[in-house]
Amino acid sequence: MTVLVRDFRPEDAAAVVRVRRASVRYAVTTEDSLHFAVRSANPASKYRMLVAEDGGEVIGTSHVALAYDSEEPGQARVNPHVHPDHTGKGAGSAILRAAEEHLAAEGATTIFTWVNDEPASLAFAAHRGYSPLRTAHFQRLDLTGATLPEPLRLPEGCALATAADFADDPRPVFEADAEATSDEPGDISTTLDDYEDWLNNTWHHPCLDQRLSTLVVADGRIVAFTLVHTDGDTTYLSAMTGTLRDYRGRSLAKAAKVDSLRRARAAGFTDAFTNNDARNEPMLAVNTWFGYQVSASEVRHVRKLA
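Parameters and conventions
Residues numbered from 1 in each chain as written. Predicted model: local features only at pLDDT ≥ 70, side-chain atom pairs only at ≥ 80, totals over all residues. Heavy atoms only, no water. Salt bridge = Lys/Arg side-chain N within 4 Å of Asp/Glu carboxyl O. Buried < 20%, exposed > 50% of the residue type's maximum accessible area, 1.4 Å probe, protein only. Helix = DSSP H or I, 4+ residues; strand = E, 2+ residues; numbered from the N terminus. Contact = heavy atoms within 4.5 Å. 1 Å grid on protein atoms, 1.4 Å probe; cavity = no way out; pocket = protein on both sides within 12 Å on 5 of 7 lines; lining within 4 Å. Points joined across faces, edges and corners; volume = space filled by probe spheres on them. Nonpolar A, V, L, I, M, F, W, Y, C, P; charged D, E, K, R; others polar. Core = buried A, V, L, I, M, F, W, Y, C linked by side-chain atoms within 4.5 Å. Arc of directions from axis to C-beta. Axes fitted to C-alpha atoms, helices over the stretch in contact; angles between N-to-C directions. Parallel < 35°, antiparallel > 145°, perpendicular 65-115°, else oblique. Pairing = 2+ DSSP bridges.

Undergrad: What is the right way to read the pattern of salt bridges from this model?
TA: Two side chains carrying opposite charge are able to pair once their charged atoms lie near each other. Scanning all chains against the criterion turns up twelve salt bridges. Across the pair Asp 12 and Arg 6 runs a salt bridge whose closest N-O atoms are separated by 2.7 Å. Across this residue pair, the class does not change: Asp 12 and Arg 6 are buried. In this structure, the salt-bridge partner of Asp 277 is Arg 279, at a minimum N-O distance of 3.1 Å. We classify Asp 277 as buried; its relative accessible area is 7%. In this structure, a network of salt bridges that share partners links the residues Arg 6, Asp 12 and Glu 53.

Take a look at the structure:
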């Protein structure tokens, strides 16, 4: 049977969730988030969600997009995932080939992808012309058995809030996210300067749990935060954590994470995940302090298109 690659259809959602949860267990994927990704994609990203099917069964998938928010044109992202029970059928190759053809036609010159840090996946990427750049670690915390730290005392003038407290006017959350994002290590420079686009893709994302996303407020500004995605059931993911430059070194992000994790456990979540660039030593140290343990690693790869 030949593997067929095509665009995502609404009725594929449950099957794509199964593929992603089996192949990227540290990510938060829901049917709503898949529909949202297709519906809310910025036109400039030339976004497509590809699926691979074998005999009518969806066995692989990939988000495919130009990095429209980068300062450097021509950069793109693709991350093929194949269900572990269906590797070796050519689904990954077929998805990657279709993605590269689409991106090249839309002006991409450089494609970035994440590859599982294990021999078969690394060999797959190398064989297709991708070169390794850097490593990221995915860490897990068992909320059912972990001894979470007690709430941290905040410096005078600081107070905790939640993202839900800013539901009527989330611009201060955007401003904090924009500054922290600009300092994140990465291969594609990202500038958050479009508030409406941020509202559409970040604030209104169906997995963003505004009640569990904790903010530290000082002098009327959000000075540190942890934004959280959940599946609404058992899985919690730290989507973005940051501190404004002038407030670093005061354990404010740590205080936000303590508060969020304690409330997540109280709400019944059992698995907490986070990920960090291997070079981001401050956040890796914070997560080790919480008791997170590395559960998987990925290696960023790049390919220049001819």
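Undergrad: I'm lost on the environment of Leu 143 in this one. Help?
TA: By the secondary structure assignment, Leu 143 is in the loop between β7 (131-142) and β8 (158-162). Using a relative accessible area of 1% as the deciding quantity, one classes Leu 143 as buried. Distance from Leu 143 to Ser 70, taken between C-alpha atoms, is 36 Å for residues 73 residues apart in sequence. Setting aside chain neighbours within four positions, we find Leu 143 in contact with Leu 148, Leu 261, Ala 264, Arg 265, Phe 269, Thr 270, Asp 271 and Ala 272.

Undergrad: Help me out: how do you make sense of the side chain of Lys 257 in this one?
TA: For Lys 257, the position within the fold is in helix α7 (residues 252-266). When sequence neighbours within four positions are dropped, the list of residues in contact with Lys 257 reads Thr 226, Ser 238, Thr 241, Thr 274, Met 283, Val 286, Asn 287 and Phe 290.

Undergrad: Any chance you could explain the layout of surface pockets here in plain terms?
TA: In this approach the atoms are scanned with a rolling probe the size of a water molecule, which exposes any empty space left behind. Counted as a void, the second largest pocket has a volume near 620 Å³. The wall of the second largest pocket is formed by 26 residues, among which Pro 80, Val 82, Asn 116, Ser 121 and Phe 124 lie closest to the centre. Sorting the residues of the lining of the second largest pocket by element identifies α1 (13-23), β5 (81-82), α3 (91-105), β6 (110-116) and α4 (119-127) as the ones contributing at least two each. A per-class count over the lining of the second largest pocket returns twelve nonpolar, ten polar and four charged.

Undergrad: What should I look at first to understand the environment of Val 28 in this one?
TA: If you trace the backbone, Val 28 turns up in the loop between α1 and α2 (31-40). When its relative accessible area of 13% is taken as the criterion, Val 28 is described as buried. In this structure the C-alpha to C-alpha distance between Val 28 and Tyr 236, which are 208 residues apart in sequence, comes to 7.5 Å. Sequence-distant contacts of Val 28, defined by excluding residues within four places in its chain, comprise Cys 207, His 229, Thr 230, Asp 231, Thr 235 and Leu 237.

Undergrad: Just to check I follow, could you spell out unusual backbone geometry for this structure?
TA: In terms of backbone geometry, most residues other than glycine have negative phi values and most peptide bonds are trans. The phi dihedral of Lys 46 falls on the positive side, at around 50°, and the residue is not glycine. With respect to the secondary-structure elements, Lys 46 resides in the loop between α2 and β2 (48-54). Phi at Ser 251 takes a positive value of approximately 65°, unusual for a residue other than glycine. Relative to the elements of secondary structure, Ser 251 occurs in the loop between β11 (235-243) and α7.

Undergrad: Even after reading the chapter, I still don't get the nonpolar core, so can you show me in this structure?
TA: Grouped burial of nonpolar side chains is what soluble globular proteins tend to show. With 27 residues, the main nonpolar core has Val 173, Ile 222 and Phe 225 as its most contacted residues. Secondary-structure elements contributing two or more residues to this core are β8, α5 (171-182), α6 (195-203), β9 (214-218), β10 (221-230) and α7. Broken down by element, this core gets its largest block of residues, five residues, from β10. What Val 173 contacts, discounting residues up to four positions off in sequence, is Phe 166, Trp 198, Trp 203, Leu 215, Ile 222 and Leu 227.

Undergrad: Before we go on, may I ask you to explain helix α8 (residues 281-290) in this structure?
TA: Because an α-helix completes one turn every 3.6 residues, residues spaced three or four positions apart along the sequence face the same direction. Of all the residues in α8, the buried ones are Met 283, Leu 284, Val 286, Asn 287 and Phe 290. Buried residues of α8 fall within an arc of 160° about the axis and therefore sit on the same side. Turned more than 90 degrees from where α8 packs its buried face, Glu 281, Pro 282 and Thr 288 sit exposed. As for α8, its buried residues are in contact with β7, β11, α7 and β12 (271-277). Phi turns positive, to about 105°, at Gly 291, one or two residues after α8.

Undergrad: I tried to follow the packing of α5 against α6 on my own but got confused; where do I start?
TA: In helix packing, the relevant descriptors are the interaxial angle and the interaxial distance, both defined with respect to the helix axes. Interaxial distance between α5 and α6 falls to 11 Å at its minimum, and their mutual angle equals 90°. Our classification of the angle between α5 and α6 gives roughly perpendicular. Here Arg 171, Val 173, Phe 174 and Asp 177 of α5 lie close against α6, whose contacting residues are Tyr 195, Trp 198, Thr 202 and Trp 203. The residue makeup of the contact of α5 with α6, split by class, is five nonpolar, one polar and two charged.

Undergrad: What's the story with the pairing of strand β4 (residues 75-78) in this structure? I'm lost.
TA: The pairing of strand β3 (residues 57-66) with β4 spans three bridges and is antiparallel. The residue bridging Leu 66 from the neighbouring strand is Ala 76, located in β4. Taken together, the three bridges between β4 and β6 define a ladder with parallel strand orientation. By the bridge assignment, Gln 75 is partnered in β6 with Thr 110.

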